[in-house]
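# Working through the structure, step by step
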Amino acid sequence: MQAIVSVQNLRKAYAGGFVALKDVSLDIEEGEILALLGPNGAGKTTLISTICGITVPSSGSITVGGHDTQTDFRAARELIGLVPQEINLEPFETVFNTVRFSRGLFGKPRNDALVEDILKQLSLYDKKDSKVMTLSGGMKRRVLIAKALSHEPRVLFLDEPTAGVDVELRKDMWDVVATLKASGVTIILTTHYIEEAEAIADRVGVISKGEILLVQDKADLMTQMGQKQLEITLSEAVTQIPQSLQSYGLDRSEDGLQLTYSYETTGERTGITALLNDLQASGLQMKDIQTRQSSLEDIFVGMVKEQA
Ligand SMILES: Nc1ncnc2c1ncn2[C@@H]1O[C@H](COP(=O)(O)OP(=O)(O)OP(=O)(O)O)[C@@H](O)[C@H]1O
């Protein structure tokens, strides 16, 4: 199956010479939700802007729905909806007209029924005659999404859709994204929030210093890269780890009451049985044991640190 968005060897050097994207290649499949995760200045916005034709690439090629974004810009752009980071709406315009005019800008014939459907999908219908200035921040963000959907794009880019949005509204936005996916739209979103990628993405791309470090199925990523920790609480503090337990690479807590053992979730043998036997043989008394699975956050922090 041909990817709906295909980025090949993309490089972007800004006018001052700063290289924001270095040889980025990425295929996005129709119908998926891809979360691009990366620290500030990683190049996420540059990547999105270049795909959307707002930023001119220095080299490389991009196709959307098979159309080259440079030689066949109009056809490619028509398939894309872009929700920018900044809220830039006309304050005195009504919600309905804001969305209707956006459709017009793409040269699409007026279709009030469609605009109404989009507003309903985004729970904005009862605000359709309200002026934009009277809406809450979260609703304004929904209007931005409605605008981006007004010309019926197949791919929707959301640049930090929940930046500065409170936890409840963030969850709300995730529901909106899920609804859009169900309607067949391919979604690419950038985020700083790892929990966001964890909650809604099918695949996760990690970008740092202008390079894509990986793009992988979220669930695979979590099992492959995930480590589990076995936390052992002792009845009495130890000042040092006994010689017989040295090979396990245990971490001792400052108070000496806790030993932590890390193991790969994919490994054939975890080494837990042997560790527990050796612990007992060493005479240490265990009070409690519990396991902890590493989160996407641990994986991400580890990767970006490794690159630094
Ligand atoms: N017009 C520009 N001219 C020069 N440098 C730029 C320009 N736009 C962005 N940059 C630089 O390119 C790098 C990547 O910026 P970009 O906005 O793509 O990162 P980002 O991953 O979206 O970051 P954030 O999460 O902070 O939005 C940054 O170092 C930024 O300063």
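Note that this is a predicted model, so its numbers are computed, not measured. (Residues numbered from 1 in each chain as written. Predicted model: local features only at pLDDT ≥ 70, side-chain atom pairs only at ≥ 80, totals over all residues.)

### Some words on the overall build of the chain
Definition in use: Put simply, DSSP marks the helices as runs of H or I at least four residues long and the strands as runs of E at least two long, and each gets a number from the N terminus on. As a reference, a globule follows 2.2 Å times the number of residues to the power 0.38, and the radius of gyration itself is taken over C-alpha atoms. The exposure label follows from counting other C-beta atoms within 10 Å of a residue's C-beta, where the C-beta atoms are placed from the backbone and the thresholds are 20 or more for buried and 12 or fewer for exposed, leaving partly exposed in between. The contact rule is simple: place each C-beta atom from the backbone, and if two of them lie within 7 Å, those residues are in contact.
A tally of helices and strands in the chain yields 10 helices and 14 strands. In terms of C-alpha radius of gyration, the chain reaches 25 Å, well past the compact-globule figure of 19 Å for 308 residues. Across its three principal axes, the chain shows a C-alpha extent of roughly 80 × 45 × 40 Å. A total of 308 residues make up the chain; the buried ones form 32% of that total. Taking all contacts inside the chain whose residues are at least 6 apart in sequence as the whole, residues at least 24 apart take part in 70%.

### Some thoughts on the domain arrangement of the chain
Condition: Here the limits of each domain have been adopted from an automatic or database domain assignment.
For the chain, the assigned domains are domain 1 (1-79 + 154-225), domain 2 (91-149) and domain 3 (227-293). Between the C-alpha centres of domain 1 and domain 2 the distance comes to 24 Å. Ranked by the residues each element gives to the side of domain 1 that touches domain 2, the list is headed by helix 6 (residues 167-182), at 4 residues.

### So, the environment of Met 173
By secondary structure assignment, the location of Met 173 is in helix 6. Its 21 C-beta neighbours within 10 Å are what place Met 173 among the buried residues. On a C-alpha basis, the gap between Met 173 and Val 5 in space is 23 Å, while along the polypeptide they are 168 residues apart. Once you skip the residues sitting within four places of it in the chain, Met 173 turns out to touch Pro 161, Thr 162 and Val 165.

### A closer look at the packing of helix 3 (residues 95-105) against helix 5 (residues 137-149)
Quick reminder of the rule: Axes here mean lines fitted to C-alpha atoms, for a helix over just the part in contact, with angles spanning 0 to 180 degrees between N-to-C directions. An angle below 35 degrees is treated as roughly parallel, one above 145 as roughly antiparallel, one from 65 to 115 as roughly perpendicular, and anything else as oblique. Crossings are classed by handedness, with left-handed meaning an anticlockwise turn of the near helix from the far one by less than a right angle and right-handed meaning a clockwise turn. The nonpolar class holds Ala, Val, Leu, Ile, Met, Phe, Trp, Tyr, Cys and Pro. Asp, Glu, Lys and Arg form the charged class, and all remaining residues, Gly among them, are polar.
At a minimum axis separation of 8 Å, helix 3 and helix 5 run at an interaxial angle of 30°. Classified by the interaxial angle, the pair formed by helix 3 and helix 5 is roughly parallel. Once helix 3 is placed against helix 5, the crossing between them reads as right-handed. Contacts between helix 3 and helix 5 involve Val 95, Thr 98, Val 99 and Ser 102 on the former and, on the latter, Val 143, Ala 146 and Lys 147. Classifying every residue of the contact of helix 3 with helix 5 by side-chain character gives 4 nonpolar, 2 polar and 1 charged.

### Here we look at the site of the ligand
To keep it simple, the criterion reads: A molecule or strand has a residue near it when that residue's C-beta atom, placed from backbone coordinates, lies within 6 Å of it.
Near the ligand, the surroundings consist of Tyr 14, Gly 16, Phe 18, Ala 20, Gly 38, Asn 40, Gly 41, Ala 42, Gly 43, Lys 44, Thr 45 and Thr 46. Here the element with the most residues in the shell around the ligand is helix 1 (residues 44-51); it accounts for 3 residues. Tallied by class, the residues present in the shell around the ligand amount to 4 nonpolar, 7 polar and 1 charged.

### Here's the deal with the sheet that holds strand 8 (residues 186-191)
Picture the strands of a sheet paired through backbone hydrogen bonds; they go either parallel or antiparallel. Rule in force here: Pairing between two strands is assigned when DSSP locates at least 2 bridges connecting them.
Read across the sheet, 6 strands follow the order 6-7-8-3-9-10 without closing on themselves; strand pairing throughout is mixed. Edge strands, defined here as strands with exactly one partner in the open sheet, are strand 6 (80-83) and strand 10 (211-217). The mean angle between the axes of side-by-side strands here comes to 15°, regardless of whether they run parallel or antiparallel. Across the sheet, helix 5 lies against strand 6 and strand 7 (155-159), angled at about 165° from strand 6, the strand it touches most.

### A few points about the confidence of the model for the chain
We apply this condition: pLDDT: the predictor's confidence for each residue, scored from 0 to 100.
Looking at the chain, the pLDDT average stands at 88 and 93% of residues meet or exceed 70. In the model of the chain, helix 10 (residues 296-307) stands out as the element of lowest mean pLDDT, 69, in contrast to strand 1 (residues 5-13), which has the highest, 97. Predicted as a complex, the structure gets a pTM of 0.78 and an ipTM equal to 0.94.

### Here we look at the pairing of strand 3 (residues 33-37)
In terms of residue burial, strand 3 counts as a mostly covered element, since 5 of its 5 residues are buried. The two faces of strand 3 match: Ile 33, Ala 35 and Leu 37 on one face and Leu 34 and Leu 36 on the other face are all buried. Relative to strand 8, strand 3 runs parallel, the two sharing 5 bridges. Directly across from Leu 34, in strand 8, lies its bridge partner Ile 188.

### Some points on helix 3
Of all the positions in helix 3, only Val 95, Thr 98, Val 99, Arg 100, Ser 102 and Arg 103 are classed as buried. Where the residues of helix 3 are buried, they touch helix 4 (112-121) and helix 5.

### A few points about helix 9 (residues 272-281)
By the criterion of burial, helix 9 is predominantly exposed, with just 1 of the 10 residues buried. The positive-phi residue at the C-terminal boundary of helix 9 is Gly 283, with phi of around 90°.

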